[in-house]
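# Breakdown of the fold
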There are 2 protein chains.
Amino acid sequence: MAARHEEIADELRQAIDRGDYRIGGTLPAETELATRYGVSRGTVRQAVSALAAEGRIGSRQGARRVVLGNRRSQSFAELRSFAQWARAMGQQASGRVLEQFRRPATAEDASRLQIEQGDEVLQVLRVRGLDGELVLLERNVYPEWMASAVESLPADCESVVQGLYDATGVIFAHGEHVIDAVAAGSQDARLLGVRRGSPLLRIRRVTTTHAGRPIEWSDDRYRSGSVSFAVANSIGSNPLIRRAAEE
Amino acid sequence: MAARHEEIADELRQAIDRGDYRIGGTLPAETELATRYGVSRGTVRQAVSALAAEGRIGSRQGARRVVLGNRRSQSFAELRSFAQWARAMGQQASGRVLEQFRRPATAEDASRLQIEQGDEVLQVLRVRGLDGELVLLERNVYPEWMASAVESLPADCESVVQGLYDATGVIFAHGEHVIDAVAAGSQDARLLGVRRGSPLLRIRRVTTTHAGRPIEWSDDRYRSGSVSFAVANSIGSNPLIRRAAEE
DNA sequence: AAGTGGTCTAGACCACCGG
DNA sequence: CGGTGGTCTAGACCACTTA
């Protein structure tokens, strides 16, 4: 069913988790993995590059690949809805719509959703919880062509992305996220049950279809301590920085 | 000098920025790009997959690649030091060591740096600025084998990563970052010039060599409003979510 | 000097999208 | 249905690491 390179990537992930390859140790050479799995070297390279993108292994020309760790944290590697994310962590997502109304698009809405200022948009205010505990306040803005589908969702819809897919077939394919920290405003504080001015992790996000058409933009504010996000990183294969002149 | 696939990736990036390919439009087919650049299809695929990883283009089987945007924001795609990052944004990084002392490793230090509890570590408290404005408070912990090199850096060292590379040849190759929001403690507040309890963006980070050996771990606290981080995302090529049972 | 990953080629087949 | 991207192969050469 799955592509061979994905199967191999999975087997390698499991082997690392199982401890077959120690953290800090090396992976077998590409050619050896190729013969072991009965595939060509190119297929092996596809598999290991997936693990490298996840931050599990590192590589550099001339040296064996190194096992860096067995990450399991929720990362940004893949676009996931809140409900999917919760399920992957073994928790139950909940949600409730507090406000929902149509209004003309502001300049900010227009730029993010690639529509004209003054076009009708649908604004929604939702609170979301994990295993019953409130963690997130979501302010979403949808363009007019999504509005009626959103309005027809139940107010306590668990997975908005799934609901909109079922209703319209629209796929949330790409996301761009900007992360910072803000102080809770009075509405934030009241709805999340925190003190005014307390720190919130804010993620502003634009989501688009495969074709790059914006579906929504959102200002998500997470209660401090309730969630954190992880990112893994590697230097480009460049020989680091060009050294300064002297010596 | 650079690999052909990187040159092609650069040319495509410039072409997108120049507007040769409109946002929302499509890129030429792989085979056409291959003949145009005089390379094989595999090389073209290497180039476009770099753009996909940056969130500039999207792709799905059977359809032309779609131009999503021309991002320029500082993203996590590549591991960069604070100084490099500042330079890429056209700003001047500064830094100053406020405290620096050796102490025995706590359990937390030991786990993050993969050393034994009680081993000597070097703790450093730095403030860092962008164009003279204070934005960041850094609490670093280094293992013993890095300590003397760190101590020999000037107190106002602009680029710690560069300085340590020059002194020891150690390369900061991999990073893992955990992001959340916290309230400023009294020391944070005093040193960053904000009110106690005001929101800070916290990034806790472990950096390792190519071989996965931890070089340092750090608790970085950014003043709210001074910086934000961007991440681009795509859904796996999976046909989204498995639909629920009915219909 | 041998081993290893990085790059590149030329070709093949398939699954999927679009008109 | 033709065009497209996704997968896979078998081979080649090079740059780099390691011992």
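Keep in mind that what you see is a predicted model, and the values were worked out from it rather than measured.

## As for helix α6 (residues 144–151) of chain A
For α6 of chain A, the full list of buried residues reads M146, A147, A149 and V150 of chain A. Looking at the packing, one finds that the buried side of α6 of chain A touches β3 (93–104), β4 (120–130), β5 (133–143), α7 (160–168) and β8 (214–223) of chain A.

## Describing the protein's contact with DNA strand D
Around DNA strand D sit 26 residues, and of these R4, S40 and T43 of chain A together with R41 and R64 of chain B come closest. When the atoms of DNA strand D within 4 Å of the protein are sorted by group, sugar and phosphate make up 71%. The separation between a sugar or linking oxygen of DNA strand D and a polar side-chain atom of Q61 of chain A is 3.2 Å. Between DNA strand D and R64 of chain B there is a distance of 2.7 Å, counted from a phosphate oxygen to a side-chain nitrogen or oxygen. For the surface near DNA strand D, the secondary structure elements donating two or more residues are α1 (4–18) and α3 (41–53) of chain A together with α3 (41–53), β1 (57–60) and β2 (63–67) of chain B.

## Brief notes about the confidence of the model for chain A
Mean pLDDT over chain A stands at 88; residues scoring 70 or higher make up 91%. In this model, residues 237–247 of chain A is a region of pLDDT below 50 whose contacts with residues beyond four sequence positions or in other chains number 11 contacts.

## So, the protein's contact with DNA strand C
In the neighbourhood of DNA strand C, 26 residues make up the surrounding shell, with R41 and R64 of chain A together with R4, S40 and T43 of chain B lying closest. In this structure, a phosphate oxygen belonging to DNA strand C sits 2.8 Å away from a main-chain N or O atom of E30 of chain A. Between DNA strand C and R45 of chain A, the relevant distance is 2.9 Å, taken from a phosphate oxygen to a side-chain nitrogen or oxygen of the residue. Of all the elements in the fold, those that place two or more residues in the surface near DNA strand C are α3, β1 (57–60) and β2 (63–67) of chain A together with α1 (4–18) and α3 of chain B.

## Quick word on the environment of L113 of chain A
All names here are of chain A. Within the fold, L113 resides in helix α5 (residues 107–113). For L113, a relative accessible area of 2% puts it in the buried group. It is 29 Å that separates the C-alpha atoms of L113 and S224, two residues lying 111 residues apart in sequence. L113 has contacts with V121, V141, Y142, P143, P214, E216 and W217, leaving out every residue within four places of it along the chain.

## A short note on the sheet that holds β5 of chain A
One open sheet accounts for seven strands, arranged β3(A)-β4(A)-β5(A)-β8(A)-β7(A)-β6(A)-β9(B); its pairing is antiparallel. The open sheet has two edge strands with one neighbour each: β3 of chain A together with β9 (229–234) of chain B. The average undirected angle you get between the axes of adjacent strands in this sheet is 20°.

## Looking at the pattern of salt bridges
The final tally for this structure, using the stated rule, is 48 salt bridges over all chains. With a shortest N-O distance of 2.8 Å, E151 of chain B and R102 of chain B are connected by a salt bridge. With E151 of chain B in helix α6 (residues 144–151) and R102 of chain B in strand β3 (residues 93–104), the pair connects residues that are 49 residues apart, well separated along the chain. Classification of E151 of chain B by relative accessible area gives partly exposed; the value is 33%. Residue R102 of chain B is classed as partly exposed on the basis of its relative accessible area of 31%. Several salt bridges share partner residues, and in doing so they unite R139, D180, D188, R202, R204, D219 and R221 of chain A into one network.

## Description of the side chain of D220 of chain A
Residues and elements named next belong to chain A. Looking at the element boundaries, D220 is found in strand β8. D220 gets classed as buried once you look at its relative accessible area, which sits at 2%. Only 2.5 Å separates the side chain of D220 from the side chain of R205, close enough to count as a polar contact. Within the structure, the side chain of D220 is placed 2.5 Å from the side chain of S218, a separation counted as a polar contact.

## A closer look at the pairing of β2 of chain A
All names here are of chain A. As paired strands, β1 and β2 are joined by three bridges and run antiparallel to one another. Across the sheet, residue G58 finds its bridge partner in β2, namely V66. Connecting β1 to the antiparallel partner β2 that follows it, the hairpin turn spans two residues, and G62 within it adopts a positive phi of roughly 90°.

## Focus: the packing of aromatic side chains
Counting across every chain of the model gives six aromatic pairs over all chains. Seen from their ring centres, Y222 of chain A and F229 of chain A are 5.4 Å apart, and the 75° between their planes marks the pair as edge-to-face. As far as burial versus exposure is concerned, Y222 of chain A and F229 of chain A are alike and both buried. Ring plane angle 55° and centroid distance 5.7 Å describe the contact between F82 of chain B and W85 of chain B, whose orientation is recorded as tilted. One end of the pair is F82 of chain B and the other is W85 of chain B, both in helix α4 (residues 82–88) and three residues apart, which spans about a single turn. Per residue, the accessibility class of F82 of chain B equals that of W85 of chain B, and both read buried. In textbook terms, an aromatic cluster arises when at least three aromatic residues are bridged by ring pairs, as seen for F82, W85, Y222 and F229 of chain A. Across the ring face of W217 of chain A, the terminal group of R112 of chain A is positioned such that the distance to the ring centre comes to 4.5 Å. Note that R213 of chain B overlies the ring of W145 of chain B, its terminal NZ or CZ placed 3.9 Å from the centroid.

## Here we look at the domain arrangement of chain A
One frequent convention defines the size of an interface as the accessible area lost when the parts assemble. Split into domains, chain A comes out as domain 1 (4–67) and domain 2 (82–223). The C-alpha centroid of domain 2 of chain A is placed 38 Å from the C-alpha centroid of domain 1 of chain A.

## Things to note about empty space enclosed by the protein
Residues and elements named next belong to chain B. Going through the model one piece at a time under the given rule, you end up with two cavities of 30 Å³ or more. In this model, the second largest cavity occupies a volume close to 40 Å³. Taken together, V97, Q100, R126, V150, L153, P154, A155 and C157 make up the lining of the second largest cavity. Looking at the lining of the second largest cavity residue by residue, the classes come out as six nonpolar, one polar and one charged.

The rules behind each value
Residues numbered from 1 in each chain as written. Chains lettered and ligands numbered in written order. Predicted model: local features only at pLDDT ≥ 70, side-chain atom pairs only at ≥ 80, totals over all residues. Heavy atoms only, no water. Buried < 20%, exposed > 50% of the residue type's maximum accessible area, 1.4 Å probe, protein only. Helix = DSSP H or I, 4+ residues; strand = E, 2+ residues; numbered from the N terminus. Contact = heavy atoms within 4.5 Å. Near = heavy atom within 4 Å. Polar contact = N/O pair within 3.5 Å; in protein donor to acceptor, adjacent residues only side chain to side chain. pLDDT = per-residue confidence, 0-100. Pairing = 2+ DSSP bridges. Axes fitted to C-alpha atoms, helices over the stretch in contact; angles between N-to-C directions. Salt bridge = Lys/Arg side-chain N within 4 Å of Asp/Glu carboxyl O. Phe/Tyr/Trp six-rings, centres within 6.5 Å; stacked < 30°, edge-to-face > 60°. Lys NZ or Arg CZ within 6 Å of the ring centre and 35° of its normal. Domains from an automatic or database assignment. 1 Å grid on protein atoms, 1.4 Å probe; cavity = no way out; pocket = protein on both sides within 12 Å on 5 of 7 lines; lining within 4 Å. Points joined across faces, edges and corners; volume = space filled by probe spheres on them. Nonpolar A, V, L, I, M, F, W, Y, C, P; charged D, E, K, R; others polar.

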